[in-house]
Amino acid sequence: MRVLGGESPSGSWEFALTLPHPRLRPGVISYRGFRLGFERPRRRLETPIGAATLLLGFGEPVRVLRPGRLPDTRVSLFCGPTTTPAVGEHSGRLAGIEVLLTPWAAFTLFGTPQYELADRTVDPDELPHALDIGVGELAGALAALPSWENRFALLDDVFARWSEAGVPSSERVVRAWSELVRSGGAMPVPRLAEEVGWSVRHLESRFREQIGLGPKAAARVLRLQRARRLLVAGRGVAETAAACGFYDQAHLSGEFKAMTGCTPREFTAARRLPVQAADGSPVADRLAGEATSLVLASGGSSVFSNT
């Protein structure tokens, strides 16, 4: 476990990052505890990633904005796979634990067709689950514990029992998802279907049920995820487009704009800004080693403004 923290004239911040117990992986990807105490509101742009998110809030709400949807304010939330950006806003004081899940693990935990939850933010207690307590009650129990170590240990225990009691995911769907992730979204759907022994039509149906997106849409997200990583590492747009399987720069730029709300150059320029000067905290990407998020200027006129 890594704990990072600090203070600035505008407030304090703390992040606790760890992997779940090995028996829960790869379905449960990571835990990220956080406690923010800033005097001013905070806004973050979150881009699509190949994961579902369970946020267990400790009392303070977060407001989520998505293109084409009404704002949604919740303390704890679940978000399935997405193909569009989101902006999270809060007062500056926020605490909780973010759990990242593979989409098929989210299907196991909640037993709900994941296509019903794609590009949505919902209250996890509105979904069916096998927990003997509500997800909101679990968040309260976590908040009451004295340390991040205790909280993560409780999560390991809860997720072990929850996964065992949940709806089993298809081994072929898990294999198909793993192959698509391994290829960075580059494996053609017919070949993917052949790999798992299904017809393309059947693969698409089961994939949407247990992943939330069809194979082609999921591949778009994974290609873009790889492209963001390469661009932030210093690769050029043309080189990145070729490496990630886009037709050309224009194709990459169009996909990038559609799924993040900004162009590749705008995103990489914003990532180079000295974000710590604003409130003292780092960007704290949702996936280790990935470029998933931007800290936005508070009070911007555009929801998806990145400067």
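So, here is what we can say about the structure in this document. These figures come from a predicted structure and were not determined experimentally.

Calculation notes
- Residues numbered from 1 in each chain as written.
- Predicted model: local features only at pLDDT ≥ 70, side-chain atom pairs only at ≥ 80, totals over all residues.
- Heavy atoms only, no water.
- Helix = DSSP H or I, 4+ residues; strand = E, 2+ residues; numbered from the N terminus.
- Pairing = 2+ DSSP bridges.
- 1 Å grid on protein atoms, 1.4 Å probe; cavity = no way out; pocket = protein on both sides within 12 Å on 5 of 7 lines; lining within 4 Å.
- Points joined across faces, edges and corners; volume = space filled by probe spheres on them.
- Nonpolar A, V, L, I, M, F, W, Y, C, P; charged D, E, K, R; others polar.
- Salt bridge = Lys/Arg side-chain N within 4 Å of Asp/Glu carboxyl O.
- Buried < 20%, exposed > 50% of the residue type's maximum accessible area, 1.4 Å probe, protein only.
- Arc of directions from axis to C-beta.
- Contact = heavy atoms within 4.5 Å.

## Considerations on unusual backbone geometry
Point 1. The amide bond that connects Arg 25 to the next residue, Pro 26, takes the cis arrangement and shows omega of 10 degrees.
Point 2. In this structure, Pro 26 sits in the loop between β2 (11-18) and β3 (28-38).
Point 3. The backbone of Asp 119 sits at a positive phi, close to 55 degrees, despite the residue not being glycine.
Point 4. Structurally, Asp 119 is set in the loop between α1 (103-110) and β11 (121-122).

## Considerations on the pairing of strand β6 (residues 62-65)
Point 1. Note that β6 and strand β7 (residues 72-74) share 3 bridges and pair antiparallel. Bridge pairing in β7 places Arg 63 opposite Thr 73.
Point 2. In textbook terms, the turn of a hairpin is the stretch between consecutive antiparallel strands, and for β6 and β7 this stretch comprises 6 residues, one of which, Gly 68, has a positive phi near 80 degrees.
Point 3. Direction of pairing for β6 relative to strand β9 (residues 86-90): antiparallel, over a ladder of 3 bridges. Paired with Arg 63 across the two strands is Glu 89, which belongs to β9.

## Describing the layout of surface pockets
One simple way to see leftover space: roll a probe sized like a water molecule over the atoms.
Point 1. Estimated volume of the largest pocket: approximately 720 Å³.
Point 2. Taken together, 30 residues make up the lining of the largest pocket; nearest its centre are Ile 29, Ser 30, Arg 286, Leu 287 and Ala 288.
Point 3. When contributions to the lining of the largest pocket are tallied by element, the ones reaching two or more residues are β1 (2-8), β2, β3, α4 (171-182) and α7 (215-232).
Point 4. Its residues assigned to classes, the lining of the largest pocket shows 16 nonpolar, 7 polar and 7 charged.

## Details of the pattern of salt bridges
Point 1. The tally for this structure, following the rule as stated, stands at 15 salt bridges.
Point 2. The closest approach of N and O atoms between Arg 182 and Glu 179, which form a salt bridge, is 2.9 Å. A residue pair is termed a helical-turn pair when its members lie 3 or 4 positions apart in one helix, as Arg 182 and Glu 179 do in helix α4 at 3 residues.
Point 3. Three or more residues joined by partner-sharing salt bridges are found here, namely Arg 32, Glu 98 and Arg 286.

## Considering helix α5 (residues 189-196)
Point 1. Taken as a whole, α5 has its buried residues at Val 189, Leu 192, Ala 193 and Val 196. Down the axis of α5, the sector holding all buried residues measures 100 degrees, keeping them to one side. Across from the buried face of α5, at angles greater than 90 degrees, the exposed residues are Pro 190 and Glu 194.
Point 2. On its buried side, α5 packs onto α4, α6 (200-211) and α7.

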